[in-house]
Amino acid sequence: MNRTSPRHRRRARAIHRLAHNGAVDDHDPLASFAALLTERGRFLLDEVREVEPAQELAVATRLRREHPAELVSAAIAQARWRQRAVGKFGGADAGRMFFTANGVEQATRATVAAYRAQRFTELGVRSVADLCCGIGGDAIALARAGVRVLAVDRDPLTCAVARANADALGLGDLIDVREADVTAVDTSSYDAVFVDPARRGGRGRVFDPEAYSPPLSWAVEAALKAPRAALKIAPGIPHEAVPGDAEAEWVSDSGDVKEAVLWFGSEPGLVRATLLPGPRSLRGRGLPDPQVRPPGRYLYEPDGAVIRAHLVAEVAEEVGGGLLDETIAYVTADAVTPTPYATAYEITDQLPFSLKKLKALLREREVGTLTVKKRGSAVEPEELRRKVKPRGPNSATVFLTRVRGAPTMLIGRPVSSDR
């Protein structure tokens with residue numbers, strides 16, 4: 001990604017903190033990273049590969065007796081980032097890759113990047129200009145799919161890390177990393193562009209698409225100039241902000257919503273929710289809102305990507321159900337119909353909201369493991385759990401929600417997958 005803000009365009013001398021081993025004054029992060037790629041740097045990376053946080057100080061003290069302090073700190077920082085990156089990239093890749101503090105947080109999860117690369121190849125794309133490439137997570141997935149990639153970022157350190165990652169994973173021949181302002185790059189010779197604007201500022205997440213870096217309007221303009229394009233955006237983007245000539249896709253991985261993507265050159269106007277692993281894609285059909293009905297025997301909790309994509313009606317039609325409340329994304333039905341787009345629960349009890357009644361019911365059922373889900377309720381799950389004090393060998397799920405506007409508790413259990 002284009003991670004640096006405009007105020008960072010002038011290279012400033014500053015105090016940077018590496019690992020937890022104190023401040024390094026007048027430190028050059030780019031030179032420090034380059035030192036990690038030397039024989040001594042790689043030796044240190046191997047030495048600290050398995051170091052736990054509690055061991056860092058002792059290990060750093062020992063290594064600093066024979067190696068430069070800055071290099072030891074940089075190696076320990078990389079070890080920590082690699083450990084954190086395992087969830088996104090898997091142990092084999094994370095153990096060979098390089099990261100920055102922002103890069104490990106903001107890089108695309110490998111499973112999501114691989115899915116996007118697959119979509120590009122299915123569209124006939126053989127070359128992509130990856131604008132705001134960050135540490136190269138998407139470029140890696142594209143290259144592994146056989147796509148030639150121009151990876152662009154304006155931050156020198158980020159580019160150095162992306163280049164090192166391409167080399168470390170044997171993809172250097174397919175990934176050309178270029179340090180440049182993405183708005184000045186000519187992408188006309190590429191089959192597609194992919195833009196992943198920075199969505200964080202000095203005060204945290206940025207919610208206004210025009211406050212992205214670069215702004216969404218620029219990214220859309222760049223997309224419209226290319227035969228194919230994909231723009232990664234925040235999942236919470238208002239639907240009215242989606243251009244009419246784009247396909248809008250919300251993606252979740254193992255139940256967690258990861259991103260939204262605007263596709264150009266695919267199916268304009270289509271809205272879809274894609275669930276990974278799979279992939280399984282639910283396509284919008286423009287259905288009207290489902291009818292509100294009394295609670296049935298089963299409750300369906302749609303996947304977050306389905307909810308973000310406003311495709312709850314498609315799920316309701318699939319399972320033959322309706323809504324508990326017109327403002328709540330819970331679907332209810334009298335029969336269980338397996339669907340990958342929602343989790344089904346069998347409801348055993350319905351109560352008006354009352355902690356006293358819930359506590360009595362849980363005591364009677366000997367429920368000690370209580371899962372609390374809420375939608376349309378101000379009660380916090382941990383607060384409820386603390387007050388009802390569940391004890392016993394059994395488990396249950398309680399939904400704190402509304403039924404036709406009335407605060408309600410629905411108690412049940414997940415429907416087994418083999419049912």
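Every value quoted in this text rests on a predicted model; they were computed, and no experiment measured them.

For the overall build of the protein, give the residues involved together with the corresponding values.
Assigned secondary structure in the protein consists of 13 helices and 20 strands. Counting contacts in the protein only where the partners sit at least 6 residues apart, residues at least 24 apart contribute 66% of the total. As displayed, the protein has an accessible area near 20,000 Å², and 49% of this comes from carbon and sulfur atoms. Taking the average place of the 59 positive charges on the side chains of the protein and the average place of its 54 negative ones, the gap between the two points comes to 5 Å.

Lay out the pairing of strand 18 (residues 367-374) in plain terms, naming residues and giving numbers.
Note that strand 18 and strand 19 (residues 394-403) share seven bridges and pair parallel. The residue of strand 19 that forms the bridge with T369 is S395. Taken together, strand 18, helix 13 (residues 381-388) and strand 19 constitute a β-α-β crossover, and its handedness is left-handed.

Before we move on, could you go through the packing of aromatic side chains and cite the residues and values that matter?
Tallied over the full model, the rule gives five aromatic pairs. Both rings, one in F33 and one in F98, keep their centres 5.4 Å apart while their planes meet at 90°; by these two values the pair is edge-to-face. Separated by 65 residues along the polypeptide, F33 in helix 1 (residues 29-36) and F98 in the loop between helix 4 (69-94) and helix 5 (101-106) bring together distant segments of the chain. Residue F98 is classed as buried on the basis of its relative accessible area, which comes to 1%. Sitting above the plane of the F98 ring, R82 keeps its charged end 4.9 Å from the centroid.

How would you sum up the packing of helix 12 (residues 355-365) against helix 13? Please name residues and give values.
At a minimum axis separation of 10 Å, helix 12 and helix 13 run at an interaxial angle of 65°. Crossing hand, helix 12 versus helix 13: right-handed. In contact with L355, L358, K359 and L362 of helix 12, helix 13 contributes L384, K387 and V388. For the contact of helix 12 with helix 13, the residue count by class is five nonpolar, no polar and two charged.

Break down the sheet that holds strand 9 (residues 228-233) for me, with residues and values.
Spatially, the nine strands line up as an open sheet ordered 5-4-3-6-9-11-10-12-13, and their pairing is mixed. Edge positions in the open sheet fall to strand 5 (175-179) and strand 13 (280-283), since each of these has one partner strand only. Neighbour-to-neighbour, the strand axes of this sheet turn through a mean angle of 20°, independent of strand direction. Judged from the seven bridges that link them, strand 10 (residues 247-253) and strand 11 (residues 256-264) form a sheet pairing that is antiparallel. By the bridge assignment for strand 11, S252 is matched with V257.

Can you explain the pattern of salt bridges? Please cite residues and give values.
For the structure shown, the criterion picks out 27 salt bridges. Across the pair R385 and E382 runs a salt bridge whose closest N-O atoms are separated by 2.5 Å. Taken together, the residues R385 and E382, both in helix 13 and three residues apart, mark about one turn of the helix. Accessibility expressed as a relative area gives 23% for R385, which makes it partly exposed. A relative accessible area of 54% places E382 in the exposed class. Several salt bridges converge on common partners, so that one network encompasses R119, E247, E249, E267, R272 and R283.

Explain the side chain of D325 residue by residue, including any values.
Here D325 is to be found in the loop between strand 15 (322-323) and strand 16 (331-333). In this structure, D325 is buried with no salt-bridge partner, the nearest side chain bearing the opposite charge being R402 at 4.1 Å. At 2.6 Å, the side chain of D325 and the side chain of T327 are in polar contact. In this structure the side chain of D325 is engaged in a polar contact, spanning 2.6 Å, whose partner is the backbone nitrogen of G405.

Outline the packing of helix 2 (residues 39-47) against helix 4, listing residues and values.
At a minimum axis distance of 9 Å, the contact between helix 2 and helix 4 shows a crossing angle of 50°. Between helix 2 and helix 4, the interaxial angle falls into the category oblique. Read as a crossing pair, helix 2 and helix 4 show a hand that is right-handed. Across the interface between the two elements, R40, G41, L44 and L45 from helix 2 touch L71, V72, A75, Q78 and R82 from helix 4. Residues that form the contact of helix 2 with helix 4 fall into these classes: five nonpolar, two polar and two charged.

Residue-level account of the confidence of the model for the protein, with values.
Summing up the model confidence of the protein, the mean pLDDT is 90 and the portion of residues at 70 or higher is 91%. Confidence drops under a pLDDT of 50 for residues 1-26, and excluding neighbours within four residues, the segment shows 61 contacts in the predicted structure.

Can you lay out unusual backbone geometry for me, pointing to particular residues and giving the numbers?
With an omega of -5°, the peptide bond running from L276 to P277 counts as cis. Structurally, P277 can be placed in the loop between strand 12 (271-276) and strand 13. In the segment running from G278 into P279, the intervening peptide bond is cis, with an omega of -5°. A positive phi is found at C132, a non-glycine position, where the angle reads about 70°.

Could you give an account of the environment of D28, with specific residues and numbers?
Looking at the secondary structure, you find D28 in the loop between strand 2 (23-25) and helix 1. It is 40 Å that separates the C-alpha atoms of D28 and L276, two residues lying 248 residues apart in sequence.

Give a description of the environment of D196 that names residues and reports values.
One can find D196 in the loop between strand 6 (192-195) and strand 7 (200-201). A relative accessible area of 3% places D196 in the buried class. In the structure, D196 is positioned 63 residues away from C133 in sequence and 7.1 Å away in space, judged by C-alpha atoms.

Can you lay out the side chain of E314 for me, pointing to particular residues and giving the numbers?
Assignment of secondary structure puts E314 in helix 11 (residues 312-319). A distance of 2.8 Å separates the side chain of E314 from the backbone nitrogen of R285, its partner in a polar contact.

Criteria and thresholds
- Residues numbered from 1 in each chain as written.
- Predicted model: local features only at pLDDT ≥ 70, side-chain atom pairs only at ≥ 80, totals over all residues.
- Heavy atoms only, no water.
- Helix = DSSP H or I, 4+ residues; strand = E, 2+ residues; numbered from the N terminus.
- Contact = heavy atoms within 4.5 Å.
- Areas by Shrake-Rupley, 256 points an atom, 1.4 Å probe, with all protein chains shown as cover.
- Lys, Arg positive; Asp, Glu negative; His and termini not counted.
- Charge placed at Lys NZ, Arg CZ, Asp CG, Glu CD.
- Pairing = 2+ DSSP bridges.
- Right-handed = clockwise from strand over helix to strand, strands pointing away.
- Phe/Tyr/Trp six-rings, centres within 6.5 Å; stacked < 30°, edge-to-face > 60°.
- Buried < 20%, exposed > 50% of the residue type's maximum accessible area, 1.4 Å probe, protein only.
- Lys NZ or Arg CZ within 6 Å of the ring centre and 35° of its normal.
- Axes fitted to C-alpha atoms, helices over the stretch in contact; angles between N-to-C directions.
- Left-handed = near helix turned anticlockwise from the far one by under 90°.
- Nonpolar A, V, L, I, M, F, W, Y, C, P; charged D, E, K, R; others polar.
- Salt bridge = Lys/Arg side-chain N within 4 Å of Asp/Glu carboxyl O.
- Polar contact = N/O pair within 3.5 Å; in protein donor to acceptor, adjacent residues only side chain to side chain.
- Parallel < 35°, antiparallel > 145°, perpendicular 65-115°, else oblique.
- pLDDT = per-residue confidence, 0-100.

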